[in-house]
Amino acid sequence: IQRIVVKVGTSTLTTENGHLDIEKIKRIVLELSNLQDKGYDVILVTSGAVGAGMGLLNISEKPKTLAEKQMLSAVGQVSLMQIYQTLFKEHNKIIGQLLLTKEEFSNRKRYLNMRNVCNAFLKRKIIPIINENDAIVSNALKIKVGDNDTMSALVSGLIDADLLIILSDIDGLYNKNPRKYDDANLINMVGDINEDIKQMAGAEGSKFGTGGMITKIIAAEMVTKIGTSLVIASGDDPHNITRIVEKENIGTLFV
Ligand code: ADP
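Summarised in this report is the structure supplied together with it. (Residues numbered from 1 in each chain as written. Predicted model: local features only at pLDDT ≥ 70, side-chain atom pairs only at ≥ 80, totals over all residues. Heavy atoms only, no water.)

As for a nonpolar patch on the surface
A contiguous nonpolar surface patch, about 260 Å² in accessible area, is contributed by L56, L57 and M71. Relative to the elements of secondary structure, M71 occurs in helix α4 (residues 66-89). (Patch = residues over 30% accessible without salt bridge, like charges linked within 9 Å, V, L, I, M, F, W, Y side chains within 5 Å. Areas by Shrake-Rupley, 256 points an atom, 1.4 Å probe, with all protein chains shown as cover. Salt bridge = Lys/Arg side-chain N within 4 Å of Asp/Glu carboxyl O. Helix = DSSP H or I, 4+ residues; strand = E, 2+ residues; numbered from the N terminus.)

Now the structure itself:
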């Protein structure tokens, strides 16, 4: 493994009231910094901008209109990056922000340009921090499919990642929604993403999360096709990132 994309979801980055969990972010930053010190290229795809905005404006209810959500994501994105910058600096790491839209990936010229930019980051050991540009995408936050899970898969393709790690509030894919069924079982490995697997993922996510499991399965489908593995694991303990890179058997591995 050489290049690793880590995607952290809203459910991992925010607390019960929807605000940012700074302690958690600190631990994620530590993990990524350690990996870079070990010689890996690391790319972070992060949600959490809306949560950061809610914290700044002291709002604890999910925004009701799209405009309100987009305003919160714009306000929050700045402070989210400020937090990452401060925390990464403690490890002597420089970060750069890339706010992308799906458009970048459907136009060849823009795609190639994006790839050059990403590689320029990595060449200088700058950690790219990527988020979907929610404030300008007209339906980005409204629809469920098309969140950062898909974005992280597109980015993995772009920079030819060896591994994509998606951290969530759940320790992997279960054969049915574990929040509803007590007898749900964790699936260790998936080699073939068929209709049964998609059925397991259902559609619903957690309180502040966006995609639920289904967008993660779609991401898995996208990356495994191009030879990148994906692990879905719990972000409750960010040290899981290192454990996964060191091939410990946690979460659900898609190959
Ligand atoms: P994130 O914000 O990290 O992207 P989401 O809340 O969008 O996370 O998605 C994770 C949630 O998906 C879980 O907490 C769980 O409630 C739900 N879920 C639905 N079906 C499953 C399943 N088969 N296995 C695991 N989680 C599932």
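A word on helix α9 (residues 212-225)
With 10 of 14 residues buried, α9 lies mostly within the body of the structure. Those residues of α9 that fall on the buried side of the exposure criterion are G212, M213, I214, T215, K216, I217, A219, A220, V223 and T224. Each element contacted by the buried residues of α9 is listed here: β1 (3-8), α7 (148-158), β5 (163-168), α8 (195-201), β7 (229-234) and β8 (252-254). Just past α9, the residue G227 takes up positive phi, approximately 85°. (Buried < 20%, exposed > 50% of the residue type's maximum accessible area, 1.4 Å probe, protein only. Contact = heavy atoms within 4.5 Å.)

Overview of the environment of M222
Assignment of secondary structure puts M222 in helix α9. Accessibility expressed as a relative area gives 28% for M222, which makes it partly exposed. Between the alpha carbons of M222 and I94 there is a distance of 29 Å; along the sequence they are 128 residues apart. Among residues more than four places away in sequence, those in contact with M222 are T150, A153 and L154.

Let's talk about the pattern of salt bridges
In this structure the tally under the stated criterion is 16 salt bridges. Note that R27 and D237 form a salt bridge whose closest N and O atoms lie 3.2 Å from each other. One end of the pair, R27, is in helix α2 (residues 22-37); the other, D237, is in the loop between β7 and α10 (240-245), and 210 residues separate them in sequence. On the basis of relative accessible area, R27 is assigned to the partly exposed category, the value being 39%. For D169, the salt bridge goes to R179, with nearest N and O atoms at 3.2 Å. Taken together, the residues span a long stretch of sequence, with D169 in the loop between β5 and β6 (189-190) and R179 in the loop between β5 and β6 at a distance of 10 residues.

Structural notes on the sheet that holds strand β3 (residues 95-100)
The strand order across the open sheet built from eight strands is β3-β4-β2-β1-β5-β7-β8-β6, with neighbouring strands paired in mixed fashion. For this open sheet the edge positions go to β3 and β6, each flanked by a neighbour on one side alone. Sheet topology places β3 next to strand β4 (residues 127-132); six bridges connect them, and they run parallel. Directly across from I95, in β4, lies its bridge partner I127. (Pairing = 2+ DSSP bridges.)

Notes on the nonpolar core
Judged by nonpolar contacts, the single largest core of 38 residues is most densely connected at V5, L100, I130, V155, L173, L230 and F254. Mapped by element, the contributors of at least two residues to this core are β2 (41-46), β3, α6 (108-123), α7, β5, α8, α9 and β7. Here this core gets six residues from one element, more than from any other, and that element is α9. Ignoring anything within four residues of it in the chain, the contact list for L100 reads F105, M114, I130, N131, E132, N133, M151 and V155. Counting residues in hydrophobic clusters, the runner-up holds 32 residues, among them I4, L32, Y40 and M81. (Core = buried A, V, L, I, M, F, W, Y, C linked by side-chain atoms within 4.5 Å.)

Observations regarding the packing of aromatic side chains
One pass over the structure, following the stated rule, counts two aromatic pairs. Ring geometry for F105 versus Y111: centroids 6.1 Å apart, planes at 70°, classification edge-to-face. The class for F105 is buried, based on a relative accessible area of 15%. A cation over an aromatic ring shows up here: K176 above the ring of Y181, its NZ or CZ 5.2 Å from the ring centre. (Phe/Tyr/Trp six-rings, centres within 6.5 Å; stacked < 30°, edge-to-face > 60°. Lys NZ or Arg CZ within 6 Å of the ring centre and 35° of its normal.)

Concerning the side chain of K93
Residue position: K93 is located in the loop between α4 and β3. Taking relative accessible area as the criterion, K93 reaches 10% and is therefore assigned buried. Among the polar contacts listed, one links the side chain of K93 to the side chain of D37, at a separation of 2.4 Å. Not counting the four nearest positions on each side in its chain, K93 is found in contact with S33, Q36, D37, F88 and I127. (Polar contact = N/O pair within 3.5 Å; in protein donor to acceptor, adjacent residues only side chain to side chain.)

Concerning the environment of H91
In this structure, H91 sits in the loop between α4 and β3. Classification of H91 by relative accessible area gives partly exposed; the value is 26%. Taking C-alpha positions, H91 is 6.6 Å from S33, a pair spaced 58 residues apart along the chain. Apart from the residues lying within four places of it in its own chain, the contact partners of H91 are V29, L30 and S33.

Some remarks on the pairing of β7
Most of β7 is tucked away: five of the six residues are buried. For β7 and β8, the ladder comprises three bridges, and the chain directions are antiparallel. Paired with L230 across the bridge in β8 is F254.

In short, shape yes, function no, at least from these values alone.
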